[in-house]
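Notes for the structure review
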Amino acid sequence: MRYIILAFIFFHSSMTLFGQVTQKVYILPESKIFLDGESNINTFSCELCNESERTVLSLCYQPQKLSYIFDQNQYAISVDNFVCDNKHITSDLKKALKMDEYPYMYLQLNKLIDFGKSQGNKQAELSITIAGVTNDYCLNYELKPSIENGEFLVNLASDFDMREFGIEPPTALMGLIKVKKDISIKLHLVLAIVQDDL
């Protein structure tokens, strides 16, 4: 099941009720991003590595009753920085994701729906770009105000059919090993508000 769990900038005291708001946040180095999949032999996990420096992300959003409309918040993920359990899987995954032609994946949050609801399902609209192909998805999300030391936690996970992005599941050993079409992306992001004096 696709889901998104957010502890996000909406608790920030500077948020306004009307008009567009722009807020910059750091994605801190302790954040983790994984691509997980399964073949006819076993499962595999690939982790994003070498992201040692914090990344600045600008979020532009506009409150609209119980929804929030977002703009200019695209997050770039380097395909080359994924390292899998096995070096052969690492090579095959990067080839399947067309890294030479499309070195980055992109995530963009477009809208949070029913943000103010205390119960029931809430949904987020998200755009994901892989290998130059962008698809829009509507995900269930749960928001938790778990904030420590001015930092925010974002956990996101979703399963996708690689063929939706024009990607054929890779094979190895003359077709004896076949990767299944579904792949999972998991993000455990640690965010911090960028203060004006930083």
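Conventions and cut-offs
Residues numbered from 1 in each chain as written. Predicted model: local features only at pLDDT ≥ 70, side-chain atom pairs only at ≥ 80, totals over all residues. Heavy atoms only, no water. Helix = DSSP H or I, 4+ residues; strand = E, 2+ residues; numbered from the N terminus. Buried < 20%, exposed > 50% of the residue type's maximum accessible area, 1.4 Å probe, protein only. Phe/Tyr/Trp six-rings, centres within 6.5 Å; stacked < 30°, edge-to-face > 60°. Contact = heavy atoms within 4.5 Å. Salt bridge = Lys/Arg side-chain N within 4 Å of Asp/Glu carboxyl O. pLDDT = per-residue confidence, 0-100.

A look at the environment of Glu164
Within the element layout of this structure, Glu164 appears in the loop between strand S13 (151-161) and strand S14 (171-172). Residue classification places Glu164 among the partly exposed residues on the basis of a relative accessible area of 35%. Spatially, the C-alpha atom of Glu164 lies 9.9 Å from that of Asp182, the residues being 18 residues apart in sequence.

Concerning the packing of aromatic side chains
As enumerated under the stated definition, the model contains four aromatic pairs in all. Ring centres of Tyr104 and Tyr106 lie 6.3 Å apart, and the angle between their planes is 40°; on these two criteria the pair is classed as tilted. One aromatic cluster is present, formed by Tyr137, Phe160 and Phe165 through successive ring pairs.

What to know about unusual backbone geometry
Phi is positive for Lys98, which is not a glycine, with a value near 55°. The class for Lys98 is partly exposed, based on a relative accessible area of 33%. Although it is not a glycine, Ala131 adopts a positive phi angle of roughly 55°.

Remarks on the environment of Val179
Inspection of the secondary structure assignment puts Val179 in the loop between strand S15 (177-178) and strand S16 (182-193). The buried category is assigned to Val179, whose relative accessible area is 19%. For the pair Val179 and Asp92, spaced 87 residues apart in sequence, the C-alpha to C-alpha distance is 9.9 Å. Leaving out residues up to four positions away in the same chain, Val179 has contacts with Glu38, Ser39, Phe44, Met162, Pro169 and Pro170.

Describing the pattern of salt bridges
In this structure the tally under the stated criterion is seven salt bridges. Across the salt bridge formed by Lys186 and Asp36, the nearest N and O atoms sit 3.3 Å from each other. Within this pair, whereas Lys186 is found in strand S16, its partner Asp36 is found in strand S3 (residues 32-38), the two being separated by 150 residues in sequence. For Lys186, a relative accessible area of 31% corresponds to the partly exposed category.

Focus on the confidence of the model for the chain
Overall, the predicted model of the chain reaches an average pLDDT of 76, with 70% of residues at or above 70. Mean pLDDT across the elements of the chain ranges from a minimum in strand S1 (residues 3-6), with 48, to a maximum in strand S8 (residues 82-84), with 91. Here residues 7-17 is a poorly scored stretch, pLDDT under 50, and it has 35 contacts once near neighbours within four places are set aside; other chains count.

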